[in-house]
Amino acid sequence: MTLFLLQALQKFFASLVQSANTSFETLLDSLISTAKPSQSGSLSKQALSSIAQCVAVLCLAAGDQKCASTVEMLKGILNDDSSTNSAKQHMALLCLGEIGRRKDLSNHVQIENIVIESFQSPFEEIKSAASYALGNIAVGNLSKYLPFILDQIDNQQKKQYLLLHSLKEVIARQSVDHTGQSELQDSNIVKILALLFNHCESEEEGVRNVVAECLGKIALIEPNKLIPALKVWSVDISKVTPPCFIYFMI
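In the annotation of an unreviewed UniProt entry, the entry for the protein chain reads Condensin complex subunit 1 C-terminal domain-containing protein, and the organism field reads Aegilops tauschii subsp. strangulata.

Written out as structure tokens, the structure is:
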């Protein structure tokens, strides 16, 4: 689905729920049911992402109360230990991520911990969706959730790879305003760079690669801070693995 069509579809659902001709619950159920696997198989990753984005726009258009109740419903799906429906959990995580990057979800107690529990899932698509969700929820409230992600990266080695992907989502979602400044505060950039340099020589290739991608994305939004930081931290490029160096240069 092209970006233009997706944006048009999002406006359509927002207009529908605001017109009062169709109830919010009916529209929400219709969207979520569309994501269920059928006899012909599961939907593509792009299709699921598009549905989750429409759910998020629908929730915001319906107002704070409807949005809050939907977030609690999605949390309930993740909290349901008896649930074995991975497709339902997958969709819940994608929806939480899309809602979270558009709206501060800090009023929903422990939402970050509920999402991170999905890192333990035996399904790769669930772990990936949880990483995506955590990063995007952090975008909605950087002051609360970014320190949480940074702390977890340093203290949860087994979850480090997925947490770094969450951090990559945070960095990638940052925009630059007309003055050339990003939404990340200087102190946050310093902390992020220190963490990334600390892990750029990890024994795990996957970790090194994600670190490199994060550095490359920081270069796009804060090049004036990255280059001096490279000098301060005296990163020895000869010790950085080729994949890390290539991603960083890109």
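**Q** Help me understand the overall build of the protein chain, please; the structure alone is not making it clear to me.
**A** Scanning the protein chain from N- to C-terminus turns up 13 helices and 0 strands. Overall, the protein chain shows an N-to-C arrangement of helices and strands of α-α-α-α-α-α-α-α-α-α-α-α-α. Within the span of the protein chain, comprising 250 residues, buried residues form 47% of the whole. The long-range share in the protein chain, meaning contacts at least 24 apart out of those at least 6 apart in sequence, stands at 69%. About 13100 Å² of surface is accessible on the protein chain, with carbon and sulfur atoms providing 52% of the total.

**Q** Help me understand the packing of helix α2 (residues 24-34) against helix α4 (residues 64-79), please; the structure alone is not making it clear to me.
**A** Between two packed helices, the angle of one axis relative to the other and the distance separating the axes together describe the packing. Two numbers describe how α2 lies on α4: the axes approach to 12 Å, and their chain directions differ by 40°. Here α2 runs over α4; the crossing is right-handed. Contact residues: F24, E25, L28 and I32 in α2; K66, T70 and M73 in α4. Broken down by class, the residue content of the contact of α2 with α4 amounts to 4 nonpolar, 1 polar and 2 charged.

**Q** What exactly am I supposed to notice about the packing of aromatic side chains here?
**A** Any two aromatic rings considered together are summarised by their centre-to-centre distance and by the angle between their planes. Under the definition given, this model contains 1 aromatic pair. Between F12 and F13, the ring centres sit 5.6 Å apart and the planes meet at 70°, which makes this aromatic pair edge-to-face. Taking the relative accessible area as the measure of exposure, F12 reaches 46% and is therefore partly exposed.

**Q** Would you take a moment to explain the nonpolar core for this structure?
**A** Nonpolar side chains in soluble globular proteins tend to end up buried together. Counting residues in hydrophobic clusters, the biggest one holds 73 residues, and the most contacted among them are V115, L164, L167, I192 and L196. Here I192 is in contact with L146, L150, L167, I171, L184 and I218, once residues within four sequence places are set aside.

**Q** Would you mind going over the pattern of salt bridges with me for this structure?
**A** A side chain of one charge can pair with a side chain of the opposite charge when the charged atoms of the two come close. The final tally for this structure, using the stated rule, is 10 salt bridges. Residues K225 and D186 are paired through a salt bridge, measuring 3.1 Å at the closest nitrogen-oxygen approach. One end of the pair, K225, is in helix α12 (residues 223-232); the other, D186, is in helix α10 (residues 186-199), and 39 residues separate them in sequence. Residue K225 is classed as partly exposed on the basis of its relative accessible area, which comes to 23%. Assessed through its relative accessible area of 47%, D186 is described here as partly exposed. Connected through shared salt-bridge partners, E98, R101 and R102 make up one network.

**Q** Before we go on, may I ask you to explain the side chain of K168 in this structure?
**A** In this fold, K168 is placed in helix α9 (residues 160-172). A distance of 3.0 Å separates polar atoms of two side chains, one belonging to K168 and the other to E213. Residues contacting K168, with those up to four places away along its chain left out, are E213, C214 and K217.

**Q** So what exactly am I meant to see when it comes to α4 here?
**A** Over its 16 residues, α4 runs 22 Å from end to end, which matches the ideal 22 Å to within 8%, given 1.5 Å per residue. Residues C67, T70, V71, L74, K75, I77 and L78 constitute the buried set of α4. In a view along the axis of α4, the buried residues occupy a sector of 155°, so they form one face of it. Contact partners of the buried residues in α4: α2, α3 (45-62), α5 (86-102) and α6 (111-117).

**Q** What exactly am I supposed to notice about the state of the cysteines here?
**A** Any covalent bond linking the sulfur atoms of two cysteines counts as a disulfide. This structure, assessed with the given rule, holds 0 disulfides. Looking at the unpaired C54, the closest cysteine sulfur is the one in C95, lying at 9.9 Å. For C67, which is in no disulfide, the shortest distance to another cysteine sulfur is to C59 and amounts to 5.1 Å.

Rules of the game
Residues numbered from 1 in each chain as written. Predicted model: local features only at pLDDT ≥ 70, side-chain atom pairs only at ≥ 80, totals over all residues. Heavy atoms only, no water. Helix = DSSP H or I, 4+ residues; strand = E, 2+ residues; numbered from the N terminus. Buried < 20%, exposed > 50% of the residue type's maximum accessible area, 1.4 Å probe, protein only. Contact = heavy atoms within 4.5 Å. Areas by Shrake-Rupley, 256 points an atom, 1.4 Å probe, with all protein chains shown as cover. Axes fitted to C-alpha atoms, helices over the stretch in contact; angles between N-to-C directions. Left-handed = near helix turned anticlockwise from the far one by under 90°. Nonpolar A, V, L, I, M, F, W, Y, C, P; charged D, E, K, R; others polar. Phe/Tyr/Trp six-rings, centres within 6.5 Å; stacked < 30°, edge-to-face > 60°. Core = buried A, V, L, I, M, F, W, Y, C linked by side-chain atoms within 4.5 Å. Salt bridge = Lys/Arg side-chain N within 4 Å of Asp/Glu carboxyl O. Polar contact = N/O pair within 3.5 Å; in protein donor to acceptor, adjacent residues only side chain to side chain. Expected span 1.5 Å × (residues − 1). Arc of directions from axis to C-beta. Disulfide = S-S within 2.5 Å.

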